[in-house]
2 protein chains.
Amino acid sequence: MVIGVLGGGQLGQMLALAGIPLGIEFRFLDPSADSVAGRVGELIVGAYDDPVCLARLAHGAHAVTFEFENVPAGAIEWLARRVPTFPPQAALAAAQDRVAEKALFAELGIAIPRLAGVSTPDELRAGVERVGVPCVVKTRRMGYDGKGQAVVRDISEVEEVWTRLGGGGSGGGDGGGGLIVEEFVAFGREVSIIGVRGRDGACAFYPLTQNVHRGGILRQSIAPAPDSAGLQATAEAYCRAVMERLGYVGVLAIEFFEKGGVLWANEMAPRVHNSGHWTIEGSICSQFENHVRAVAGLPLGETQMAGGPGVGGGSVAGMVNLIGTPLDLIGVLGEAGSHLHWYGKEPRAGRKVGHVTRCAGSRAELCEWMGRWEGRLAEP
Amino acid sequence: MVIGVLGGGQLGQMLALAGIPLGIEFRFLDPSADSVAGRVGELIVGAYDDPVCLARLAHGAHAVTFEFENVPAGAIEWLARRVPTFPPQAALAAAQDRVAEKALFAELGIAIPRLAGVSTPDELRAGVERVGVPCVVKTRRMGYDGKGQAVVRDISEVEEVWTRLGGGGSGGGDGGGGLIVEEFVAFGREVSIIGVRGRDGACAFYPLTQNVHRGGILRQSIAPAPDSAGLQATAEAYCRAVMERLGYVGVLAIEFFEKGGVLWANEMAPRVHNSGHWTIEGSICSQFENHVRAVAGLPLGETQMAGGPGVGGGSVAGMVNLIGTPLDLIGVLGEAGSHLHWYGKEPRAGRKVGHVTRCAGSRAELCEWMGRWEGRLAEP
């Protein structure tokens with residue numbers, strides 16, 4: 001069985017590392033000839049919208065999926081007409097436009113911040129006035145890792161922000177750019193739910209994960225999120241509602257702000273997600289294997305902690321991202337209990353080059369380990 | 001960092017799947033163009049003793065290792081002169097000749113069955129008389145998975161056995177063939193110890209594993225071996241003694257017969273071993289990652305059960321080999337808690353094509369699971 005993947009980065013590589021033991025072979029399409037996923041499968045180097053490359057990707061493939069959400073909609077439409085392609089186009093369309101995404105959340109009864117979609121400087125000013133300051137202005141499209149965002153604390157900053165974000169034009173792509181003005185949610189913490197839905201409609205959800213971002217980039221995750229017993233069911237219901245509405249197949253991640261016990265949807269990612277990397281060691285079947293199982297039409301694997309009741313396994317897991325960090329194999333592997341996942345990319349400031357995971361029997365033990373990593377990675 | 005591997009089978013593939021997340025790239029040399037390890041690294045197709053191929057394997061490699069013990073000694077000597085090559089030649093020499101292997105065990109005070117090395121029909125008859133019947137006659141070299149063995153229950157069978165085993169000539173290779181006559185140990189069970197030694201001399205050992213063979217092929221393993229508390233230290237001491245005597249680097253497996261609380265050494269394998277496949281999910285750092293760490297000169301990883309004290313994780317693990325079984329992805333993945341490792345080889349009678357692992361919180365739970373697998377794989 002062959003699975004084609006649009007994108008050849010670390011997520012694609014981890015999908016293959018999880019799928020190869022199932023006897024599945026992987027084929028990647030990426031414009032970059034040094035895409036790291038090329039180490040674990042065939043790499044087709046070319047544009048995502050080049051029909052010749054897409055045809056090579058789809059040829060004889062059992063299914064096609066993608067590892068990033070900014071895939072040209074046309075490419076997915078082209079593929080979907082020829083080979084089972086998951087997640088579905090509808091999910092990409094929603095995830096690619098922050099306004100459509102929030103509208104979907106609202107429609108499904110999921111709490112969202114006040115917002116306004118704007119396309120001109122005047123609309124931006126009006127939107128900021130309506131939403132109120134402080135507020136967050138983001139490009140509607142193509143934003144990731146905190147890029148294409150600005151916080152507006154005073155109405156006088158509107159022109160400068162419009163210019164800096166290029167009116168969202170940078171977003172380009174299908175449907176043009178534009179900006180979205182969002183209420184600034186003074187949240188207590190960020191959590192994410194990672195769900196998976198099979199071709200047969202079966203759903204499974206991982207324990208809610210607590211995430212820490214800095215500079216818009218995920219720095220660390222802990223699962224299960226502390227004191228999340230009361231939130232798990234709500235997050236699962238939200239995730240299930242989105243997946244069922246979209247006829248979803250594969251792994252879906254939804255990030256929430258938690259404020260006073262209420263989950264506010266921030267954004268979703270129609271793919272395996274950085275906040276689920278801990279599942280490789282921390283859960284019985286990782287998000288990567290489950291995404292592969294789902295798109296391939298196979299039974300889903302168990303999403304409990306490897307330490308779930310009657311299973312044994314770490315009862316808590318933590319993940320720390322390595323961002324622009326040079327590889328120090330001896331230092332990392334000398335850190336007892338750390339599992340290294342190095343992506344094989346050149347370290348550059350702000351670039352995710354790997355992550356480390358630790359499973360532990362207690363939160364105390366895990367926090368101590370994460371503290372050591374925070375210290376090790378502290379930036380001047 | 002690049003590691004070269006002689007042999008491109010499933011063991012090589014699992015070494016790469018464990019090493020790629022450490023940022024290490026793999027290169028394999030194998031005479032077969034459809035070697036499965038080619039999916040996870042560069043595959044050089046050629047003879048193990050072809051200097052051109054060996055040069056390509058060694059070029060720029062940080063270290064070279066092998067995934068099977070019947071490597072031509074000349075190839076290892078050639079490589080060792082040019083690149084760090086582990087395990088060392090001395091270990092191969094001992095593992096390739098059952099007489100030398102048993103002599104090493106005896107010399108280190110490790111219990112072994114009575115035996116006799118023989119090279120002619122008359123010597124075989126004399127050897128069988130000296131050792132006594134029933135006894136086991138094996139080729140001195142090139143035996144694996146029960147091939148090249150025969151049980152002699154009556155002295156009258158000697159000629160037939162000599163002919164069937166071709167006087168061990170089939171062994172061919174360096175030093176010619178010959179046979180070994182071994183006392184038949186009416187053992188209670190088979191257990192194996194898997195140890196790893198780093199370039200710095202640091203050693204680590206996995207919990208003793210209980211193995212079941214049928215037709216000379218490993219069928220299933222359970223770790224930790226039941227009631228092995230009193231045997232673990234002895235097995236570790238034996239394994240450490242062998243590794244230190246040989247200046248060993250990498251993973252070493254020693255199989256024992258247990259009879260009345262005594263461990264009788266049966267054979268050793270200077271490589272990752274089938275009875276250690278459970279370590280992928282069952283231990284904190286698998287035998288594959290630890291072999292890679294050792295040969296690469298990196299710190300060793302933790303060998304405790306993933307469920308070791310204060311670590312969390314399954315407290316027991318089981319492994320069942322898939323031998324000549326056609327792939328039934330939906331059936332296997334539908335079996336809750338099973339981890340599949342499919343090697344990507346064509347199923348043939350008696351051929352190891354994959355294995356399944358399960359971690360459990362209790363032996364009862366594990367035995368139930370293994371029982372289901374025994375039933376599923378029962379042969380007519």
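None of the values given here were measured: they were computed from a predicted structure.

## Notes on the overall build of chain A
The secondary structure content of chain A amounts to twelve helices and 17 strands. Compactness check: chain A gives a C-alpha radius of gyration of 20 Å against a globular reference of 21 Å for 380 residues, within 12% of the reference. In terms of principal-axis extent, the alpha carbons of chain A reach across some 55 × 55 × 40 Å. A buried classification covers 60% of the 380 residues belonging to chain A. A separation threshold of at least 6 residues defines the contact pool for chain A, and within that pool the share at least 24 residues apart is 61%. Of the roughly 13400 Å² of accessible surface on chain A, a fraction of 53% belongs to carbon and sulfur atoms. In chain A, the 34 positive side-chain charges and the 41 negative ones have mean positions that sit 1 Å from each other.

## Describing helix α12 (residues 363–377) of chain A
Residue and element names in this part refer to chain A. When the terminal C-alpha atoms of α12 are compared, their 20 Å separation across 15 residues agrees well with the 21 Å that a helix rising 1.5 Å per residue should span. Listing the buried residues of α12 in full gives E365, L366, W369, M370, W373 and L377. In an axial view of α12, the angular spread of the buried residues amounts to 130°, which keeps them on one side of the axis. Turned more than 90 degrees from where α12 packs its buried face, A364 and E368 sit exposed. Residues of α12 that are buried sit in contact with β12 (217–223), β15 (316–323), α11 (329–333) and β17 (352–360).

## Looking at the pairing of β12(A)
Residues and elements named next belong to chain A. Most of β12 sits out of view: seven of its seven residues are buried. In this sheet, β12 lies alongside strand β11 (residues 209–214) in antiparallel orientation, the contact comprising five bridges. The partner of H213 across the bridge, within β12, is L218. Two successive antiparallel strands, β11 and β12, enclose a turn made up of two residues, where G215 displays a positive phi of approximately 60°. Bridge count between β12 and β15: four bridges; the pairing is antiparallel. Bridging from a neighbouring strand, S221 pairs with M319 of β15.

## What to know about the packing of helix α1 (residues 10–19) of chain B against helix α10 (residues 287–295) of chain B
The geometry of a pair of packed helices is captured by two quantities: the angle between their axes and the separation between those axes. Residue and element names in this part refer to chain B. Two elements in contact, α1 and α10, have axes whose closest approach is 8 Å; the angle formed by their N-to-C orientations is 75°. As summarised for this structure, α1 and α10 are arranged roughly perpendicular, according to the angle between their axes. Counted together, L11, M14, L15, A18 and G19 of α1 and F288, E289, H291 and V292 of α10 form the full contact between these two elements. Class assignment of the residues belonging to the contact of α1 with α10 gives a composition of six nonpolar, two polar and one charged.

## Some thoughts on the interface of chain B and chain A
Frequently, the measure chosen for interface size is the accessible area removed from exposure when the parts meet. Across the boundary between the two partners, chain B contributes 39 residues, which contact 39 residues of chain A. Of the roughly 3000 Å² buried at the junction of chain B and chain A (both faces included), carbon and sulfur atoms supply 60%. Ranking the residues of chain B by area buried against chain A places P21(B), R39(B) and L333(B) at the top, with a combined share of 18%. For the pair chain B and chain A, the number of links is two salt bridges. Between R39(A) and E25(B) there is a salt bridge, and its shortest N-O distance comes to 3.6 Å. Inspection of the region where chain B meets chain A yields six residue pairs in polar contact (both at pLDDT 80 or more). Elements represented by at least two residues in the side of chain B that touches chain A include exactly α1, α10, α11 (329–333), β16 (339–342) and β17 (352–360) of chain B.

## Let's talk about the domain arrangement of chain A
Once the domains are mapped, chain A shows domain 1 (2–85), domain 2 (114–183) and domain 3 (189–376). For domain 1 of chain A versus domain 2 of chain A, the separation of C-alpha centres amounts to 33 Å.

## Remarks on the packing of aromatic side chains
Applying the stated criterion to the full structure yields twelve aromatic pairs over all chains. Here Y206(A) and W278(A) contribute two aromatic rings whose centre-to-centre distance is 6.3 Å and whose plane-to-plane angle is 85°, an arrangement assigned as edge-to-face. Placement of the pair is Y206(A) in the loop between β10 (203–205) and β11 and W278(A) in the loop between β14 (262–269) and α9 (279–282), with a sequence separation of 72 residues. The exposure classification of Y206(A) matches that of W278(A), with both residues buried. Relative to F256(A), the ring of Y238(A) lies with its centre 5.9 Å away and its plane at 40°, an arrangement referred to as tilted. In this pair, Y238(A) is assigned in helix α8 (residues 229–246) and F256(A) in strand β13 (residues 250–259), connecting sequence segments 18 residues apart. Side by side, Y238(A) and F256(A) carry an identical accessibility label, which is buried. Here the guanidinium or amino end of R82(A) rests over the ring plane of W78(A), the centre of that ring lying 3.6 Å away. Here the basic side chain of R376(B) rests over the ring of W373(B), its NZ or CZ set 4.5 Å away from the ring centre.

## Describing the relation of the copies chain B and chain A
In screw terms, the move from chain B to chain A is a rotation of 180° and a rise of 0.0 Å along the axis, fitting with an RMSD of 0.0 Å. The superposition of one copy onto the other is thereby described by a two-fold rotation axis. By residue overlap, the copies meet face to face through one surface: 100% of the interface positions of chain B are interface positions in chain A.

So, how was this worked out
Residues numbered from 1 in each chain as written. Chains lettered and ligands numbered in written order. Predicted model: local features only at pLDDT ≥ 70, side-chain atom pairs only at ≥ 80, totals over all residues. Heavy atoms only, no water. Helix = DSSP H or I, 4+ residues; strand = E, 2+ residues; numbered from the N terminus. Rg over C-alpha atoms; globule rule 2.2 N^0.38 Å. Buried < 20%, exposed > 50% of the residue type's maximum accessible area, 1.4 Å probe, protein only. Contact = heavy atoms within 4.5 Å. Areas by Shrake-Rupley, 256 points an atom, 1.4 Å probe, with all protein chains shown as cover. Lys, Arg positive; Asp, Glu negative; His and termini not counted. Charge placed at Lys NZ, Arg CZ, Asp CG, Glu CD. Expected span 1.5 Å × (residues − 1). Arc of directions from axis to C-beta. Pairing = 2+ DSSP bridges. Axes fitted to C-alpha atoms, helices over the stretch in contact; angles between N-to-C directions. Parallel < 35°, antiparallel > 145°, perpendicular 65-115°, else oblique. Nonpolar A, V, L, I, M, F, W, Y, C, P; charged D, E, K, R; others polar. Buried area = accessible area lost by both parts, 1.4 Å probe. Salt bridge = Lys/Arg side-chain N within 4 Å of Asp/Glu carboxyl O. Polar contact = N/O pair within 3.5 Å; in protein donor to acceptor, adjacent residues only side chain to side chain. Domains from an automatic or database assignment. Phe/Tyr/Trp six-rings, centres within 6.5 Å; stacked < 30°, edge-to-face > 60°. Lys NZ or Arg CZ within 6 Å of the ring centre and 35° of its normal. Least-squares fit on C-alpha atoms with pLDDT ≥ 70 in both.

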